[in-house]
Amino acid sequence: MDNRIEKLSQKDIKAILRAADSIIAQGGRSLLSKILKGSKDKKVLQLELDTCPMYGYFKSEKLDDIMKKVDWMIDHDFLEVEYFGKLPMIVYTKRGWQIESDQYADELIDEWREWVKEGEPVPDMTYLKDRDRGMILLMLKKIKESGNRAFLPFLEAWEKVDYKKVRAEIKEVIHALEQQEGIDGQASQEREVLLKEALEGSAPEDLRLKCWECGERFMFTVGEQKFYKQRGFSLPKRCEDCRRSDDRDGWYL
């Protein structure tokens, strides 16, 4: 890890994760950095990534410095690189998606609040169909916890167009709001605790692995881990001595 990169703030972590949502499994570290920079790169504009809410978030910083922040996110288990063919693509880790799904659900609910405030008509609710199921269920939990009956028209319209399992959850939320069931804040508090823990990240440290060939333990350093992650490699299965003795499986195995 580059020691010049200090721990990112929770705000910056969330911003990078939000920007990544636009290119998950479709773009790599460089493209993500260009979104955050606010680049006018041809590919950024062709893919309409300039419409991303985090476009230009780090506009005053150099692209190389933004790339280091993205690498920090990879090092600390918020993002990772997977290869699709020969192309390295950014994807969420479990930790990263936990954070992003929470803030995206909040973003969608805040949009509803704004529509209610402005007296906007109920839109075509199919815009929520086919989104990540876990994020949608989380959104519904948050709506239920809000106790906001002004959301009922949106829920009723949504319930008519989504899939059976989601419709069942929507009906439950509609019933809870109509009956003005008491708000259970415990679930929300527990979720906040878990979210706070997730935002701490997982600092990289040297790992002691067991060689599957000779059975000896060997050190897999932080620097090696970073190299492997950026290239989408799996953890090495053999120690350096065994890799040297037989290179038929490749130096990275």
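Residues numbered from 1 in each chain as written. Predicted model: local features only at pLDDT ≥ 70, side-chain atom pairs only at ≥ 80, totals over all residues. Heavy atoms only, no water.

A. How the structure looks around the packing of helix 6 (residues 133–146) against helix 9 (residues 185–198). Interaxial distance between helix 6 and helix 9 falls to 10 Å at its minimum, and their mutual angle equals 130°. Classified by the interaxial angle, the pair formed by helix 6 and helix 9 is oblique. Handedness of the helix 6/helix 9 crossing: left-handed. Here L138, K142 and E145 of helix 6 come into contact with helix 9, specifically with A187, S188 and R191. (Axes fitted to C-alpha atoms, helices over the stretch in contact; angles between N-to-C directions. Helix = DSSP H or I, 4+ residues; strand = E, 2+ residues; numbered from the N terminus. Parallel < 35°, antiparallel > 145°, perpendicular 65-115°, else oblique. Left-handed = near helix turned anticlockwise from the far one by under 90°. Contact = heavy atoms within 4.5 Å.)

B. Region of interest: the pattern of salt bridges. Using the criterion set out here, one finds 16 salt bridges in the structure. Measuring nitrogen to oxygen at the nearest pair gives 3.9 Å for the salt bridge that ties E100 to R18. Of this pair, E100 sits in helix 5 (residues 94–118) while R18 sits in helix 1 (residues 10–20), placing them 82 residues apart in sequence. E100 gets classed as buried once you look at its relative accessible area, which sits at 0%. R18 gets classed as buried once you look at its relative accessible area, which sits at 7%. A salt bridge links K142 to D102, with the shortest nitrogen-to-oxygen separation between them at 3.2 Å. Residue K142 is found in helix 6, and its partner D102 is found in helix 5; the two are separated by 40 residues along the sequence. For the pair formed by K142 and D102, the shared burial category is buried. A cluster of three or more residues bridged by salt bridges with shared partners is formed by D102, D106, K142, E145 and R191. (Salt bridge = Lys/Arg side-chain N within 4 Å of Asp/Glu carboxyl O. Buried < 20%, exposed > 50% of the residue type's maximum accessible area, 1.4 Å probe, protein only.)

C. Summary view of unusual backbone geometry. Even without a glycine there, the phi angle at A25 is positive, about 60°. For A25, the position within the fold is in the loop between helix 1 and helix 2 (29–37). Here A25 falls in the partly exposed class, since its relative accessible area comes to 32%. Positive phi is not limited to glycine here, since D77 has a value of about 70°. Topologically, D77 is positioned in the loop between helix 4 (63–75) and strand 1 (79–84).

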